[in-house]
Amino acid sequence: IERFGLKFKNPIGIAAGFDKNARVVNQLASLGFGFVEVVTVTFRPQKKKKKPRMFRLPADSALINRLGFNNDGAEAIAERLSKLKPDCIVGVNIGKNKDVPNEEAVENYLATLDLIHPFADYITVNISSPNTPNLRELQRAESLDELLSSLQKRNHELGPKPLLVKIAPDLDDAGIESAVDICLQHRAAGMIATNTTISRAGLRSPNVDKMGPGGLSGRPLMERSSEVVAKIYRY
């Protein structure tokens, strides 16, 4: 299939968060995936959070994680990607360092974009992880408008590549519509729906409350993610 100027061998890929340091891109490509989206990468390296940080919910076919953006940093990731010749499309997911306030987020994202841009087939702007403090506030209209405007300007200066925006499943209808409007205004190539959810509604697994914060993924998110995809398409 062809999307935003890229030809994918098939529409099944690996989402960001699995290969957090771009170490197994070729191995994943050899399994037959049409694309591999690596990390979320931040400008400066970030250490792993303390364990426990992952919880399986077998009764719900789900998982809760609070890994955050642990990675080796943009410079190391860029160097690693520069040596690859993968047999699939490679996307690079970018985020902000957790100690960077939202008022300085644009500069932090731009610094990462500068380093990884040459080695990405497409770039995803992650503003929706629940595991980085205050990150989801960047989904608000004013913040997203400023961030996407700045990133697209730099993207075109570097030689335009598809820029996508990844949103949370916990946005209400007004928030989704606002995000779509801004993505259209700044000609984003697409939107990724969705990240993990902070909701725990309808779970059957015991002791979920004791697991603490984190993003829920898996079967319980399927219906909501599909709803968000539909709303994005409709808007």
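Since the structure is predicted, the reported quantities are computational estimates derived from the model, not experimental observations. (Residues numbered from 1 in each chain as written. Predicted model: local features only at pLDDT ≥ 70, side-chain atom pairs only at ≥ 80, totals over all residues. Heavy atoms only, no water.)

## So, the packing of aromatic side chains
Thinking step 1. Scanning the model with the defined rule gives three aromatic pairs in all.
Thinking step 2. With a centroid separation of 6.2 Å and 65° between ring planes, the pair formed by Phe4 and Tyr122 is classed as edge-to-face. With a gap of 118 residues between them, Phe4 in the loop between strand 1 (2-3) and strand 2 (6-7) and Tyr122 in strand 8 (residues 122-126) connect regions that are remote in the sequence.
Thinking step 3. When its relative accessible area of 3% is taken as the criterion, Tyr122 is described as buried.
Thinking step 4. Ring plane angle 90° and centroid distance 5.8 Å describe the contact between Phe8 and Phe35, whose orientation is recorded as edge-to-face. With Phe8 in the loop between strand 2 and strand 3 (13-14) and Phe35 in strand 4 (residues 35-41), the pair connects residues that are 27 residues apart, well separated along the chain.
Thinking step 5. Within the aromatic cluster, the residues linked to one another by ring pairs are Phe4, Phe8, Phe35 and Tyr122. (Phe/Tyr/Trp six-rings, centres within 6.5 Å; stacked < 30°, edge-to-face > 60°. Helix = DSSP H or I, 4+ residues; strand = E, 2+ residues; numbered from the N terminus. Buried < 20%, exposed > 50% of the residue type's maximum accessible area, 1.4 Å probe, protein only.)

## A few points about the sheet that holds strand 3
Thinking step 1. Spatial ordering of the open sheet is given by 3-4-7-8-9-10, a layout of six strands whose pairing is parallel. In the strand order of this sheet, the two ends are held by strand 3 and strand 10 (190-193), each with one partner.
Thinking step 2. Of the pairings in the sheet, the one linking strand 9 (residues 163-167) to strand 10 comprises four bridges and is parallel in character. Residue pairing across strands places Ile167 opposite Ala193, the latter belonging to strand 10. (Pairing = 2+ DSSP bridges.)

## Let's talk about the packing of helix 3 (residues 105-116) against helix 4 (residues 141-158)
Thinking step 1. Packing of helix 3 against helix 4 leaves a shortest axis separation of 10 Å and a crossing angle of 25°. Relative to helix 4, helix 3 is oriented roughly parallel. The crossing of helix 3 and helix 4 is right-handed. Together, Val106, Tyr109, Leu110, Leu113 and Asp114 of helix 3 and Glu146, Leu147, Ser150, Leu151, Arg154, Asn155 and Leu158 of helix 4 make up the contact between the two elements.
Thinking step 2. Counted by class, the contact of helix 3 with helix 4 contains seven nonpolar, two polar and three charged residues. (Axes fitted to C-alpha atoms, helices over the stretch in contact; angles between N-to-C directions. Parallel < 35°, antiparallel > 145°, perpendicular 65-115°, else oblique. Left-handed = near helix turned anticlockwise from the far one by under 90°. Contact = heavy atoms within 4.5 Å. Nonpolar A, V, L, I, M, F, W, Y, C, P; charged D, E, K, R; others polar.)

## Examining the environment of Asp60
Thinking step 1. Looking at the secondary structure, you find Asp60 in the loop between strand 5 (54-57) and strand 6 (62-65).
Thinking step 2. Excluding residues within four positions of it along the chain, Asp60 makes contact with Gly202, Leu203, Arg204, Ser205, Arg219 and Pro220.
Thinking step 3. At a separation of 2.8 Å, a polar atom in the side chain of Asp60 contacts the main-chain amide nitrogen of Arg204. (Polar contact = N/O pair within 3.5 Å; in protein donor to acceptor, adjacent residues only side chain to side chain.)

## Notes on the sheet that holds strand 5
Thinking step 1. Across the sheet, three strands lie side by side as 5-6-11; this open sheet has antiparallel pairing. Both edges of this open sheet fall to strand 5 and strand 11 (215-218), since each of them pairs with a single strand only. Strand after strand, the sheet turns through a mean of 20° between neighbouring axes, direction not considered.
Thinking step 2. Here four bridges tie strand 6 to strand 11, and the two strands are oriented antiparallel to one another. Residue pairing across strands places Ile64 opposite Leu216, the latter belonging to strand 11.

## Some thoughts on the nonpolar core
Thinking step 1. Val41, Val92, Ile94, Tyr109, Ile116, Ile127 and Leu151 are the most contacted members of the largest nonpolar core, which has 46 residues in total.
Thinking step 2. Of all the elements, helix 3 adds the most residues to this core, at six residues.
Thinking step 3. Those residues in contact with Ile94, other than ones at most four positions away along the chain, are Thr40, Val41, Tyr109, Thr112, Ile116, Ile123, Thr124, Val125, Asn126 and Leu151.
Thinking step 4. Judged by nonpolar contacts, the second largest core, of eight residues, contains Phe55, Ala62, Leu203 and Met211. (Core = buried A, V, L, I, M, F, W, Y, C linked by side-chain atoms within 4.5 Å.)

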